[in-house]
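Take a look at the letters that make up each chain.
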Amino acid sequence: MASAARSEASPSLQVPSFAEKRRNTSSSSRLERPSDSELSSSLGQNNHLKSVDLNHVIKLLEETESSNSEEELEALKKVTKRYEYGIPLNDLTQISKILNLCAERIPFRNVFIEPTCEILKLYGLPFYKKKLSDEANYAKEVQESIAHLGYLMRVPCSQVRIQICKCVISFYHAEPPKKEFEVYQPVSANYKRQMVESGGLAETLVLALTLVENQLHEKLWIIKTLQHLSISEANCKLMMKAQAPRSLCSHLNDADPSGQLLFRSSEILWNLLEKTSKEEIINQLSNLECVHALKEAFTNLLLHGSRHYDRQLRNDILVIATLIAQNPGAPMIETGFAKQLILFATFVEVKSHNPLVKGLKLTYCYEDFELKKLLLNMLSVLAKDLCTVQLLQEGKVMLALFHYLKPNEKPGMLDMSAAQYEELQLHAIATLATVAPLLVEDYMMCQGNTRLLMFLEWCMGNDPFFAQGNSFHGTGGRGTKLAQMRYTLRVLNPIVCLCNDAVNIDLCDQGAIHQLLGVLKNTTSNYKKGAIVVEIQTDILLILSTLCENNLHRKELFGWEGVDTLIPFMKIDSKKFYSGLGHNRLLFSALDCLWCCIMGCTILEDYFLEREGLFTLLDLLVLNQKNVCNLILGILVEFCDNPKTASHINAWRGKKDQTAANLLINLWREEEEQMGVKHDKVGRIVDTKKPLVGQFQKKQEIIPMPADCPTIAVMDVAENMRAKIYCIICKLGFENLPGLSAKDFVTLAIIRRYLDFKVGEIWSEVCTELKKEKFRPVTPDQEALQVITGAFENVGKTVVSLQAEMLESQQYQELQVEEKSYAKIQSLHKQKETVNKSWENFLNRTSNYEALKKAKRLQEKSIENSRSKVKPCNAIFHPTDIKGINATVASGRLVTVESTPSELIGGPLADTDLALKKLPVRGGALKRIKAVKVMDSFKKDSVSVK
């Protein structure tokens, strides 16, 4: 593959010589040589050499038939002497021509090697500009000149190639000008770098590596140059275009006593990873040659590297290998690299007789500690490829990872601090969460359930433990065991979700349900609600849901304790749903736990109702969180199978005395409004043929489908909440629902006929499919279809008429209420008028004596007329008026009667303080009398007074 790459890369360097494509210098004024006076004034007064005619030097070199090279060499020396302090931009094109002509002569005359190198050194000197606009004006010429430095790598001369590399490196380590001139100024500091990027020099140098495969010294200089070029993003893109990662990686293990090849190549790969597309680099490196080279380099450094530098380089190569392993197409297994990495990751915890690890020891200095973490991370990456499962099993990875699942009391290895052990422990448990679901048999053989539950018990214990919390996996767990608890549950959750009977039965037999409920209560009462605590609680609820689903015995184990623990999680403040801590996920987990752990167990359902859990669900439904409402309605539908549920739903009251029926009907209206179902202003049906169809469903074209495929009307049932609302109200009954308005009754009429309308939609789809298939049913079937569709349309019309009657009845009731209100107002006004008129008459009688006499006469006449005209014999008539009084007001209903003196009545209250406080009308203060003599007349009436 390398030879193929070289054969493809080599032709790109076969560029025509500069002499073949030179321009006519007389056509451009900017290429003319400056005058002698100008050069003498600009390049310094100490220059006593004769002016150099660059055009003359070019012509001299072009005369290939001339055998006298002394004149040519002398002219070249004058050129290098002339520009020993730098090159003006307007002369750079001509100097490039001279350089190219010299390079063409090297294969035939070695004497031109030294002049060529001397001219190349001039490129490392500062470039000068005469005008500020020269940088832009000469940009194209400078780009071509610098780009041709890369093309000169085709010259088969080691000195020239090395000098080109030194020249390019000097662009990134520019020295200040040795001499300043009056007219010329040096170009900006980054000008040469920009020209390198624009000229594509980096791509050319990558291709030049194929020319120096067997020349180590030259190869190292080119790679060193590429290392400097790779600090630029533009250069990295050019290098990627030339397949630089593949070219460098495939030669990592070439013979190099100095070790620079491996170091500089890895440095370039790192720069490419940082500044270009990581996916593209991984694709270039995902081949047998590159992966094998990385394997050999890593193994050699691990087994034989002893310096600090070797350890760092080893870790860098392992990171690159980890990135490659993320590509499913990378040949990690084919090269044996995966098996070797698994061996290195587990040899400390699991004893191995493999000669590769014989005598290998990690010192747990910082680099070795990082190596251990990288190897654990590699296990997680390899586990994503199912082809590596067998290798993980053969490498006893589960046993190695369970080695860290124990308390942190004593570090497991020498020279390892408690913080390092904690970090490795958390990293190992995180790796276990990825690997364990793939190796269930090994998990059970290692007694994984027992180990996890024991470790979880230690996490809940009160043992003194101070976590450092200074690693990625330990974030938020400083001073507590929350990080360990968090990752332990991350292992347990995917294991339980496999629904492996053997695993879950073993877990429940060890009391996992009761223990998890204890952890749930402990985290609720002892820890502040943070992201980690919320994640722990969420995982526990999910584990309990999986364990108890469809298993009545486990639901009974969940018990009343579980119900009491679960209800508070459904009372989360709605403001926390979008706090970013995961409360919305926690609520979903709690509702799922309710559905799986309580529903279906009558004892727990009744206890849930007693604890007002159903009221909590309805309170959540009021919040109208669209992602939660559908789940809550599903739970309510299931709960309605319990005969006690309906009374609890009807008894619930929300804000402003809202009832559950009103809440459900409001949800129905909101759902239809979002769907675009058409209704008039008062909520009546508009389209009697399709009263439930929304805008989206109308736009969907009906396509003939097989009988076992659901149609659009059927899929609509599962895509919104209307079917669940219909089921709940069916359980409650459509009659005598409390707290409904006339608008609610109008909507309720539609809900009541939901199932009929849906059946009508399906029959309508059947008719449409028959038309699209151009299939005519037989006459009896055709008539039956017409009767059915007509019947369902009549149902819609019936509902519309019923809605109209309800609205008319409501209007009539509102009119009656309005009339009663007006009558009451009229009565109040009449009463006020009567009172005012009576008051005016009273004032008239008191202020006008004649009016008083007239009123008196009317009163007497009225009294006289009221008396009976027939007088019985022996009847005695008493006068009803008082003589001499001038009042015309009839006596009222209250009569003032003088009290009997207390001296006469005495009684049990005579001695009380209350009686003493009363003042008699006559006779002075109360006195206590021992006894009162009863008169004969009272005795006859059987009255005694003491």
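Residues numbered from 1 in each chain as written. Predicted model: local features only at pLDDT ≥ 70, side-chain atom pairs only at ≥ 80, totals over all residues. Heavy atoms only, no water.

A. Spatial organisation of the overall build of the protein chain. The secondary structure content of the protein chain amounts to 46 helices and three strands. Among the 946 residues that make up the protein chain, the fraction classed as buried is 45%. Of the roughly 51,300 Å² of accessible surface on the protein chain, a fraction of 53% belongs to carbon and sulfur atoms. (Helix = DSSP H or I, 4+ residues; strand = E, 2+ residues; numbered from the N terminus. Buried < 20%, exposed > 50% of the residue type's maximum accessible area, 1.4 Å probe, protein only. Areas by Shrake-Rupley, 256 points an atom, 1.4 Å probe, with all protein chains shown as cover.)

B. The nonpolar core, seen in detail. Ranked by internal contacts, the top residues of the largest apolar core, which has 247 residues, are Phe298, Leu617 and Leu621. Setting aside residues no more than four positions away along its own chain, phenylalanine 298 makes contact with Arg314, Ile317, Leu318, Phe337, Leu341, Phe344, Leu371 and Leu375. (Core = buried A, V, L, I, M, F, W, Y, C linked by side-chain atoms within 4.5 Å. Contact = heavy atoms within 4.5 Å.)

C. Inspection of the pattern of salt bridges at higher detail. Following the criterion strictly, the structure yields 29 salt bridges and no others. The salt bridge involving lysine 372 is made with glutamate 349; its shortest N-O contact spans 3.0 Å. With lysine 372 in helix α20 (residues 366-383) and glutamate 349 in the loop between α19 (337-346) and α20, the pair connects residues that are 23 residues apart, well separated along the chain. By the burial criterion, lysine 372 is buried, and glutamate 349 matches it. The network of salt bridges with common partners includes Glu672, Asp716, Arg722, Lys758 and Glu761. (Salt bridge = Lys/Arg side-chain N within 4 Å of Asp/Glu carboxyl O.)

D. Here's a closer look at the sheet that holds strand β1 (residues 87-88). Here we have three strands laid out as an open sheet, ordered β1-β2-β3, and mixed in their pairing. Two strands in the sheet have a free side with no partner beyond their single neighbour: β1 and β3 (185-186). Here β1 pairs with strand β2 (residues 127-129) via two bridges, running parallel. Within β2, the position partnered with proline 88 by the bridge is tyrosine 128. (Pairing = 2+ DSSP bridges.)

E. Representation of the environment of serine 579. Take serine 579: it is sitting in the loop between α30 (552-566) and α31 (583-597). Along the primary structure serine 579 and alanine 531 are separated by 48 residues, whereas in three dimensions their C-alpha atoms are 9.9 Å apart.

F. Quick look at the packing of helix α38 (residues 712-719) against helix α41 (residues 754-772). Put simply, α38 and α41 touch, their axes get as near as 8 Å, and they point 145° apart. Contacts between α38 and α41 involve Ile712, Ala713, Val714, Asp716 and Val717 from the former and Tyr754, Lys758, Glu761, Ile762 and Glu765 from the latter. Class assignment for the residues of the contact of α38 with α41 results in six nonpolar, no polar and four charged. (Axes fitted to C-alpha atoms, helices over the stretch in contact; angles between N-to-C directions. Nonpolar A, V, L, I, M, F, W, Y, C, P; charged D, E, K, R; others polar.)

G. Just the packing of aromatic side chains, in detail. Counting across every chain of the model gives 13 aromatic pairs. Plain terms: the ring middles of tyrosine 123 and phenylalanine 127 are 6.4 Å apart, the flat faces sit at 70° to each other, and that makes the pair edge-to-face. Here the guanidinium or amino end of lysine 192 rests over the ring plane of phenylalanine 127, the centre of that ring lying 4.3 Å away. Across the ring face of tryptophan 458, the terminal group of lysine 481 is positioned such that the distance to the ring centre comes to 4.5 Å. (Phe/Tyr/Trp six-rings, centres within 6.5 Å; stacked < 30°, edge-to-face > 60°. Lys NZ or Arg CZ within 6 Å of the ring centre and 35° of its normal.)

H. How the structure looks around α20. Helix length check: α20 (18 residues) gives 26 Å between terminal C-alpha atoms against 26 Å at 1.5 Å per residue, within 8%. α20 sits mainly inside the fold: 15 of its 18 residues count as buried. (Expected span 1.5 Å × (residues − 1).)

I. A nonpolar patch on the surface, seen in detail. On the surface, Val714, Leu755, Val759, Ile762, Trp763 and Val766 cluster together into a nonpolar patch covering about 430 Å² of accessible area. With five residues, α41 is the single largest residue contributor to the nonpolar patch. Its place among the elements puts valine 714 in helix α38. In this structure valine 714 comes out as partly exposed when scored by relative accessible area, which is 38%. (Patch = residues over 30% accessible without salt bridge, like charges linked within 9 Å, V, L, I, M, F, W, Y side chains within 5 Å.)

J. Looking closely at unusual backbone geometry. Of note, the phi angle at asparagine 550 is positive, near 60°, even though the residue is not glycine. For asparagine 550, a relative accessible area of 73% gives the class exposed. For asparagine 736, which is not glycine, the phi dihedral falls at a positive 60°. Looking at asparagine 736, the relative accessible area reads 77%, which means it is exposed.

K. Here's a closer look at the side chain of threonine 322. Here threonine 322 shows up in helix α18 (residues 308-325). In this structure, threonine 322 is in contact with Asn377, Met378 and Val381, ignoring residues within four places of it in sequence.

L. Molecular detail of the environment of lysine 140. Considering the arrangement of structural elements, one finds lysine 140 in helix α8 (residues 139-151). For the pair lysine 140 and serine 198, spaced 58 residues apart in the sequence, the C-alpha separation amounts to 9.1 Å.

M. Spatial organisation of the packing of helix α12 (residues 216-229) against helix α15 (residues 260-275). Across the interface, α12 lies against α15 with an axial gap of 9 Å and an inter-helix angle of 25°. Relative to α15, the element α12 is oriented roughly parallel. In the packing of α12 onto α15, the handedness of the crossing is left-handed. Residues Lys219, Leu220, Ile223, Lys224, Leu226 and Gln227 of α12 form the contact with α15, whose participating residues are Gln260, Leu261, Phe263, Arg264, Ser265, Glu267, Ile268 and Asn271. Residues belonging to the contact of α12 with α15 are distributed by class as follows: six nonpolar, four polar and four charged. (Parallel < 35°, antiparallel > 145°, perpendicular 65-115°, else oblique. Left-handed = near helix turned anticlockwise from the far one by under 90°.)

N. Fine view of α31. Between its terminal C-alpha atoms α31 stretches 20 Å, which fits the 21 Å expected from 15 residues at 1.5 Å a residue. Of all the residues in α31, the buried ones are His583, Leu586, Leu587, Ser589, Ala590, Leu591, Cys593, Leu594, Cys596 and Cys597. Those residues of α31 that are buried are in contact with α29 (531-548), α30, α32 (602-610), α33 (613-622) and α34 (626-639).

O. Spatial organisation of the confidence of the model for the protein chain. Of the residues in the protein chain, 85% reach a pLDDT of 70 or more, and the chain-wide mean stands at 83. Here residues 914-946 scores under 50 on pLDDT; set against residues more than four positions off or in separate chains, the count is 28 contacts. (pLDDT = per-residue confidence, 0-100.)

P. Spotlight on the environment of tyrosine 754. Looking at where tyrosine 754 falls in the secondary structure, it is placed in helix α41. Leaving out residues up to four positions away in the same chain, tyrosine 754 has contacts with Trp668, Leu692, Val717, Arg722, Ala723 and Tyr726.

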